Amino acid sequence: MSDTPVIGVLALQGDVREHLIALASADALARPVRRPEELAEVDGLVVPGGESTTMSKLAALFGMLEPLRERVAAGMPVYGTCAGMILLADKILDPRSGQETIGGIDMIVRRNAFGRQNESFEAAVEVAGIDGGPVEGVFIRAPWVESVGARARVVAEHGGHIVGVRQGNALATSFHPELTGDHRLHAYFVDMVRASG
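Rules used in this analysis
- Residues numbered from 1 in each chain as written.
- Predicted model: local features only at pLDDT ≥ 70, side-chain atom pairs only at ≥ 80, totals over all residues.
- Heavy atoms only, no water.
- Buried < 20%, exposed > 50% of the residue type's maximum accessible area, 1.4 Å probe, protein only.
- Helix = DSSP H or I, 4+ residues; strand = E, 2+ residues; numbered from the N terminus.
- Arc of directions from axis to C-beta.
- Contact = heavy atoms within 4.5 Å.
- Polar contact = N/O pair within 3.5 Å; in protein donor to acceptor, adjacent residues only side chain to side chain.
- Core = buried A, V, L, I, M, F, W, Y, C linked by side-chain atoms within 4.5 Å.
- Pairing = 2+ DSSP bridges.
- Right-handed = clockwise from strand over helix to strand, strands pointing away.
- Axes fitted to C-alpha atoms, helices over the stretch in contact; angles between N-to-C directions.
- Parallel < 35°, antiparallel > 145°, perpendicular 65-115°, else oblique.
- Left-handed = near helix turned anticlockwise from the far one by under 90°.
- Nonpolar A, V, L, I, M, F, W, Y, C, P; charged D, E, K, R; others polar.

Visitor: Can you help me understand helix α3 (residues 52-61) in this one?
Guide: Residues that lie three or four places apart on an α-helix share one face, since the helix turns once every 3.6 residues. Along α3, the residues classified as buried are Ser 52, Thr 53, Met 55, Ser 56 and Ala 59. Viewed along the axis of α3, the buried residues span an arc of 165°, placing them on a single side of the element. In the core, the buried residues of α3 are packed alongside β3 (44-47), α4 (65-73) and α5 (83-88). The backbone nitrogen of Thr 53 has a side-chain oxygen 3.2 Å away, supplied by the residue at the start of α3, namely Glu 51. Just downstream of α3, Gly 63 is the residue with a positive phi angle, here 70°.

Visitor: What is the right way to read the nonpolar core from this model?
Guide: One recurring pattern in soluble globular proteins is that nonpolar side chains are buried together. Leu 39, Leu 45, Val 47, Ile 102, Ile 105 and Met 107 are the most contacted members of the largest nonpolar core, which has 33 residues in total. With sequence-adjacent residues up to four places away left out, Val 47 is seen in contact with Leu 10, Met 55, Val 78, Tyr 79, Gly 80, Thr 81, Gly 84, Leu 87 and Ile 102. Counting residues in each nonpolar core, the second largest holds 31 residues, with Tyr 79, Ala 142, Val 163 and Leu 185 among its members.

Visitor: Help me out: how do you make sense of the pairing of strand β2 (residues 29-33) in this one?
Guide: If a strand is regular, its side chains alternate between the two faces of the sheet. Pairing of strand β1 (residues 6-10) with β2, which is carried by five bridges, proceeds in the parallel orientation. Among the inter-strand pairings, Leu 10 is bridged to a residue of β2, identified as Val 33. In terms of handedness, the path from β1 via helix α1 (residues 16-25) over to β2 forms a crossover that is right-handed.

Visitor: Got a minute to help me understand the environment of Ala 24 in this structure?
Guide: Among the structural elements, Ala 24 can be located in helix α1. Separated by 41 residues in sequence, Ala 24 and Leu 65 have C-alpha atoms that sit 26 Å apart.

Visitor: Which parts of the structure should I look at to understand α1?
Guide: Within the span of α1, buried status applies to Val 16, His 19, Leu 20, Ala 22 and Leu 23. Taken end-on, α1 shows its buried residues confined to a sector of 165°, consistent with a single buried face. Considering only its buried residues, α1 is in contact with β1, β2, β3, β4 (78-81) and α6 (184-196). Of the residues one or two after α1, Asp 27 is the one with positive phi, at around 65°.

Visitor: Can you help me understand the packing of α1 against α6 in this one?
Guide: When two helices pack together, you describe them by how their axes are tilted relative to each other and by the distance separating the axes. Remark: α1 packs on α6, axes separated minimally by 8 Å, with the N-to-C direction vectors making an angle of 70°. Regarding the angle of α1 to α6, the classification is roughly perpendicular. Judged by the sense of rotation from one axis to the other, the crossing of α1 with α6 is right-handed. Residues His 19, Ala 22 and Leu 23 of α1 form the contact with α6, whose participating residues are His 186, Phe 189 and Val 190. Of the residues that constitute the contact of α1 with α6, the class distribution is four nonpolar, two polar and no charged.

Now the structure itself:
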């Protein structure tokens, strides 16, 4: 891997463009990923926000679920935001029928825990490992983490709830940092990808 890692954004549904812009601003070569052969060409992957049930069904439909699970299990760096956090959870507390996850983080996640679309909000969130003060988190029908296993470590909390977790090369946040213009979390993830190379 060169100094400029190739990082994909899972482009089945959700806010793909914003992540591509944030990654490019953090000195990564960012590209959308929809098919297994595109997944094979990236050094790391962002699983964006969107609708977790729809994303899981589309991943299965596009033949992406197993390749995603294999790459994540093999240690490919991955960062999930909002719905992406749900997809990276080993367990969902209240899954919709037929909803599957990629897994990779030993955590139990509650979907839509912060309420409905009209209860969306922004908040300053301290994230372990991110210098320069809190990041602005945008919470849209956001999940929270009910509990983490021994291998996962909590990196952010808000209102007494876990909203950021890291386990090895996998990172997940309940909130959307790509919607704020503050790209420190994306830069942090790009560094994770570089370090894994």
